[in-house]
Amino acid sequence: MDTTALRDAYDRLLDVAAGPGLGEAADGGWDADRILAHLLSVDASIAAVALGVVAGARPAFDNRVCLDTWNLDRIITAHATREELIDHVRSQAGLLCDIADRLDAGAASVLVPAFLMSGDTLVLDQPVPLAGLIDGLAENHVPGHTRQLLALHTTADPSRASNGAAGSG
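For clarity, every value in this text was computed on a predicted model and none was experimentally measured.

1. Regarding the overall build of the protein
- Per the secondary structure count, the protein includes 7 helices and 3 strands.
- What you see in the protein, going N to C, is helices and strands ordered as α-α-β-α-α-α-α-β-β-α.
- On C-alpha atoms alone, the protein measures out to a radius of gyration of 16 Å, which is about the 15 Å that the 2.2 N^0.38 rule sets for 169 residues.
- With the C-alpha coordinates of the protein rotated into their principal frame, the extents come out at 50 × 30 × 25 Å.
- Looking at the protein as a whole, 46% of its 169 residues qualify as buried.
- Across the protein, the fraction of contacts at a sequence separation of at least 24, relative to all contacts at a separation of at least 6, is 78%.
- Carbon and sulfur atoms provide 55% of the accessible area of the protein, an area that totals close to 8200 Å².
- Computing the positive centroid from 11 side-chain charges and the negative centroid from 23, the protein places the two 1 Å apart.

2. Looking at the sheet that holds strand β3 (residues 121–129)
- On the basis of which strands lie adjacent, the open sheet formed by 3 strands has the order β1-β2-β3 and mixed pairing. Edge strands, defined here as strands with exactly one partner in the open sheet, are β1 (61–62) and β3.
- Across 2 bridges, β1 lies against strand β2 (residues 111–118) in parallel orientation. Looking at the pairing, Asp62 lines up with Phe115 of β2.

3. Quick look at the environment of Leu67
- By the secondary structure assignment, Leu67 is in helix α3 (residues 64–67).
- Residue Leu67 is classed as partly exposed on the basis of its relative accessible area, which comes to 22%.
- Once the C-alpha coordinates of Leu67 and Met117 are considered, the two residues, 50 residues apart in sequence, prove to be 8.3 Å apart.
- Excluding anything up to four places from it in sequence, Leu67 contacts Trp30, His38, Leu72, Met117 and Gly119.

4. Some thoughts on helix α1 (residues 4–17)
- The end-to-end C-alpha distance of α1 is 20 Å, a good match for the 20 Å that 14 residues give at a rise of 1.5 Å each.
- Turning to α1, its buried residues number three or more, namely Leu6, Ala9, Tyr10, Leu13, Leu14, Val16 and Ala17. End-on, the buried residues of α1 take up no more than an arc of 155°, which puts them together on one face.

5. Some remarks on the state of the cysteines
- All told, the structure shown has 0 disulfides when counted by the stated rule.
- Summary of cysteine pairing: Cys66 is not part of a disulfide, and the nearest cysteine sulfur, belonging to Cys97, is at 16 Å.
- The class for Cys97 is buried, based on a relative accessible area of 1%.

6. Some thoughts on the layout of surface pockets
- Of the pockets and cavities examined, the largest pocket occupies roughly 810 Å³.
- Looking at the largest pocket, it is lined by 32 residues, and the ones nearest its centre are His38, Met117, Ser118, His141 and His145.
- Looking at the lining of the largest pocket, the elements that each hand over two or more residues are α2 (32–55), β2, β3 and α7 (130–154).
- Broken down by class, the residue content of the lining of the largest pocket amounts to 17 nonpolar, 14 polar and 1 charged.

Rules behind the numbers
- Residues numbered from 1 in each chain as written.
- Predicted model: local features only at pLDDT ≥ 70, side-chain atom pairs only at ≥ 80, totals over all residues.
- Heavy atoms only, no water.
- Helix = DSSP H or I, 4+ residues; strand = E, 2+ residues; numbered from the N terminus.
- Rg over C-alpha atoms; globule rule 2.2 N^0.38 Å.
- Buried < 20%, exposed > 50% of the residue type's maximum accessible area, 1.4 Å probe, protein only.
- Contact = heavy atoms within 4.5 Å.
- Areas by Shrake-Rupley, 256 points an atom, 1.4 Å probe, with all protein chains shown as cover.
- Lys, Arg positive; Asp, Glu negative; His and termini not counted.
- Charge placed at Lys NZ, Arg CZ, Asp CG, Glu CD.
- Pairing = 2+ DSSP bridges.
- Expected span 1.5 Å × (residues − 1).
- Arc of directions from axis to C-beta.
- Disulfide = S-S within 2.5 Å.
- 1 Å grid on protein atoms, 1.4 Å probe; cavity = no way out; pocket = protein on both sides within 12 Å on 5 of 7 lines; lining within 4 Å.
- Points joined across faces, edges and corners; volume = space filled by probe spheres on them.
- Nonpolar A, V, L, I, M, F, W, Y, C, P; charged D, E, K, R; others polar.

Written out as structure tokens, the structure reads:
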């Protein structure tokens, strides 16, 4: 697989995440820490699916754990600062891309049962090629969260500009 688009999407997201002055979401949605924790969970889950496919297993992808408040809080708490979260996302995204770069056409085309939620809305409940899960990150998922982070810049509270808000989700 070619992960150039995914790597570029993550570079953009991480540049935005590292910027100063990320505030709270105007609509009460996720803050930057929660977005980063979600990305860590999604990337680890898809990397596990990809490795399972290579191993000959028949893994499924279900993103509900990646949306779970307890899980996201656990991930945030494991990082002392936002910078640690950003570094972990950078490392995890690199690992996922490295795995995807090594997938042959056969593995990339394996159908993976996928169950995707966005908030309380069912987005997908059907098998998709493994490559589709990974490409979906570059095409929709990562750019969507980049837009969320950009929106947080416009709602930033200057008193929270330190970016060290571990556990703020």
